[in-house]
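# Architecture at a glance
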Amino acid sequence: MKINRPEDISEDVYVGFVRSLFHDAFVLVVGAICYFLLALLVYERTGEPIYAWLAVIVLAAGFYRYYRIEQYRKADCIHDYASALKAERSYLIGGTIQGFFMGLFCFVAIYWVPDPYGEVASVSAAVASTITVVGRNYGSKTMVAILSVVLILPIALGELLKGDIAHIVFGLYIVPVMFIITKMAARVRTVLFTAITEEKKSTDLAQRFDRALNTMSHGLIMLDSDGRVVVANAEANATLGVKQSDALLGRSLGALVMRTIASGMVRAKDGHYLEAQLTRALHEGRGRKIQVRLADGRYVEFSVSEGAGGLGVITFEDVSTRIEAEEKIRSMARYDNLTGLINRAYFHELAGEMMATGDQERNCALVAFDLDDFKSVNDTLGHPIGDGLIYAVAEKLSGFGNDRTKVSRFGGDEFMIFIDDVESEAELSSILENIFKALQGEVDVAGHSLRVQASAGAVLSCVKDSDIDAMIVKADLALYKAKELGKNGWRLFEATMDAAFRNRQLLKAELRSAVEAKGLRVVYQPIVSIETMRIASCEALCRWDHPDLGPISPAVFIPLAEEMGIISEISNFMLAAATRECTRWPGDTSVSVNLSAKDFRDRGIVDKVRAALAESGLAAHRLEVEVTETVLLDDKSQARELIEELKALGVRIALDDFGTGYSSLSYLHKLPLDKIKIDRSFLIDVTQNQRSLELLTGIVNLSRPLGLSVTIEGVETFEQLRLLALKVQPDLVQGFLFGSALTASGIETMSTTVWPFASELKSARRAVQR
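Let me sum up the structure you'll find in this document. Computed from a prediction, not measured in an experiment: that's the story for all the values here.

### Section: the overall build of the protein
- Summing up its helical and strand segments, the protein has 28 helices and 21 strands in all.
- Summarising its shape, the C-alpha atoms of the protein cover approximately 155 × 80 × 50 Å along the three principal directions.
- For the protein, buried positions account for 44% of its 770 residues.
- Restricting the contact set of the protein to residue pairs at least 6 apart, pairs at least 24 apart contribute 64%.
- As presented, the protein carries roughly 38,700 Å² of accessible surface, and 55% of it is formed by carbon and sulfur atoms.
- Computing the positive centroid from 83 side-chain charges and the negative centroid from 98, the protein places the two 5 Å apart.

Shown next as structure tokens:
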């Protein structure tokens, strides 16, 4: 027999309904005995053996059913859906057997072996049994349906078979009783199901509330309108040292506070303060937070709010970690994390306060310190070593700090010192000489012996005539001047420095306007083949003709553009102009464009090169991108990825200023290069110094097996060219020997021209061969 759980109830409720079928089984024995006695009485009256058999069978079915139910009840094995299905199946078998023979007793007494007494007795017993069908079997819809049918249908069938109208009407009348029974059972089941569901919801809600309450990291206490505890969670009990969960219930707020004082958790003064504040907050009926320091140094924060129904709610938590974090944040906001010196913002605040108080006629000084060539330490030894050097310098400078002198790290390798109440320049000079003397020498950082060298700029001002911001600007200007004059020293601010600064700022503004208005122009320096003495390529160079100052050197405006962050705009302009002009030159002439380190910090540089090629229509192999080692110092992995993406476009890659950096040789096999350009510094004394000649020859011989072409820059004399052609034999040469940079049309004109000293080189080669 296949039984399925009704779709309108959950599995756990179904299990509960099935378990209800196996309670109070003794009633079944009582019913079986009653049927047994009735059947015996009818047998006694009629002498028909079938009644005797029915008496025995009904009694046996009742006891069998009782036995099976007791087995399940004692085993207590109905715990889940599967076991409930099995148990209901067993229950249905026993109930069906017993019900069938009870109905058969009615049918026999009414029609088969009729007896007036037997008919009344059997029908009365059957109708009485329908009460137990509803009251006992509501947990199984199937059992109710089966018992309704096997008890009522035999009675209706017996009455109908008698044939006379009265019995037929009675037979039909009793049929609806089956549906009434099933409806009544369904109603009972619905009522109980609703009750069980609501109880389950209430239980679940109570359990969730209890779980939420007792798993809170905060302690929680609720007070009634009389100020006594009605709810206290586990954290509250633990904090107050109570083991029993209900030990705090019924106590007043004052009693709780006295308990904390008696246990030594809080000092008496703090305890009375806490009680007064909590009582006041509860009476005011508004949220409030109270912090108390415990006797062991921890901090606890109490929060008071008004709950529903006049309940007062007090929560409390250990906020020691938060207090420590806030202190740490305050410290981080004021002090440099690496050195422990005051930071820029706090320095500004302290110096401003010192200048605002005291005699306004006094002098004060501000000194800006900067480590010389600090970037090279980071680039060669790494940032951890650089940080170690910063820390060592900060330790030395901090020794000069006192109530009168404030030392700050402004960021990077820059330090600021504010000195209050300086009598004269002589005193300031003496102080700075002592500072520089203290900085002299070497420091050991992780096994590296590093020499400390710094530059400084100072400003001395009357307090009433200056402010801290103006002094910082002037000290920075003096610092720049000290750097210009050779570093490792200090300069005092002069008015002329301010004028130079203003001129520099004005030049920056004018450069920005020139870039935005496309007021720059491009010229091209020829790159000549050593074999043919013809132009093989050209290097695109940027020029700026100032309307008032005339031509501005690239050595001036390119660093300005990098400082202003507009160098990428110039690179975009150069790419567009160079690729456009190159399309007008002979097909074997290419063009090279320098890209800055900042260009390679932007992953969009590849798209910009692609766009320039697409817009101009220039073949990718005719464009050469020149990069320096500076590009690779910031982010080697990103730079390599971008260079590989440029190579994938078909663009050629050249390493510019080869040999002037720190690890040039390592790039020859790590990067997808096509060419190296040897810096002009190698060529200065090549005609007099054999070592320079051998070095150049070695670099060329090293590059050729790697598939790299070589360009030597800075060729200015025929003797240099002759020596290169005969001894070094690079692929290309570049320099003022071939004239100054030309316009695009000039390159177009000269592209087929052979330089006049080509014949002299040819003769020299023949002489060497002979």
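### Describing the state of the cysteines
- A complete count under the given rule lists zero disulfides for this structure.
- Note on Cys582: no disulfide assigned, nearest cysteine sulfur contributed by Cys538 at a separation of 7.8 Å.
- Look at Cys582 and you get buried, because its relative accessible area is 0%.

### Observations regarding the sheet that holds strand E7 (residues 405-411)
- Read across the open sheet, the five strands follow the order E7-E8-E6-E11-E12; overall the sheet is mixed. The open sheet has two edge strands with one neighbour each: E7 and strand E12 (490-492). The sheet shows a mean angle of 20° between the axes of neighbouring strands, direction not considered.
- When strand E11 (residues 454-462) meets E12, the two strands line up parallel, connected through three bridges. Counterpart to Gly457 in the pairing with E12 is Arg491.

### A word on the environment of Phe36
- You can see Phe36 is positioned in helix H2 (residues 26-46).
- Residues Phe36 and Ala55, spaced 19 residues apart in sequence, show a C-alpha to C-alpha distance of 4.3 Å.
- Contact partners of Phe36, with chain neighbours within four places excluded, come to Ala55, Val56 and Leu59.

### What about the packing of helix H4 (residues 81-112) against helix H5 (residues 116-137)?
- Closest axis-to-axis distance for the H4/H5 pair is 8 Å, and the angle between their directions is 155°. Between H4 and H5, the interaxial angle falls into the category roughly antiparallel. You can see that H4 and H5 cross each other, and the crossing is left-handed. Each of Tyr91, Met102, Phe105, Cys106, Ala109 and Ile110 in H4 lies in contact with H5, whose residues at this interface are Gly118, Glu119, Ser122, Val123, Ala126, Ser129, Arg136 and Asn137.
- For the contact of H4 with H5, the residue count by class is eight nonpolar, four polar and two charged.

### Details of the pairing of strand E17 (residues 623-627)
- Of all five residues that make up E17, five are buried, and the element is covered over most of its length.
- Neither face of E17 is open: one carries Leu623, Val625 and Val627, the other Glu624 and Glu626, and all of them are buried.
- Direction of pairing for strand E16 (residues 590-594) relative to E17: parallel, over a ladder of four bridges. Of the residues in E17, the one forming a bridge with Asn594 is Glu626.
- Viewed along the sheet, the connection from E16 through helix H21 (residues 605-616) into E17 turns out right-handed.

### Brief notes about unusual backbone geometry
- With a phi close to 55°, Asp373 is a non-glycine residue in the positive phi region.
- With respect to the helices and strands, Asp373 occurs in the loop between strand E6 (363-371) and helix H14 (374-381).
- One non-glycine residue, Met533, adopts positive backbone phi at about 55°.
- Tracing the chain through its elements places Met533 in the loop between strand E13 (520-529) and strand E14 (535-546).
- When its relative accessible area of 1% is taken as the criterion, Met533 is described as buried.

Rules and cut-offs
- Residues numbered from 1 in each chain as written.
- Predicted model: local features only at pLDDT ≥ 70, side-chain atom pairs only at ≥ 80, totals over all residues.
- Heavy atoms only, no water.
- Helix = DSSP H or I, 4+ residues; strand = E, 2+ residues; numbered from the N terminus.
- Buried < 20%, exposed > 50% of the residue type's maximum accessible area, 1.4 Å probe, protein only.
- Contact = heavy atoms within 4.5 Å.
- Areas by Shrake-Rupley, 256 points an atom, 1.4 Å probe, with all protein chains shown as cover.
- Lys, Arg positive; Asp, Glu negative; His and termini not counted.
- Charge placed at Lys NZ, Arg CZ, Asp CG, Glu CD.
- Disulfide = S-S within 2.5 Å.
- Pairing = 2+ DSSP bridges.
- Axes fitted to C-alpha atoms, helices over the stretch in contact; angles between N-to-C directions.
- Parallel < 35°, antiparallel > 145°, perpendicular 65-115°, else oblique.
- Left-handed = near helix turned anticlockwise from the far one by under 90°.
- Nonpolar A, V, L, I, M, F, W, Y, C, P; charged D, E, K, R; others polar.
- Right-handed = clockwise from strand over helix to strand, strands pointing away.

In short, shape yes, function no, at least from these values alone.
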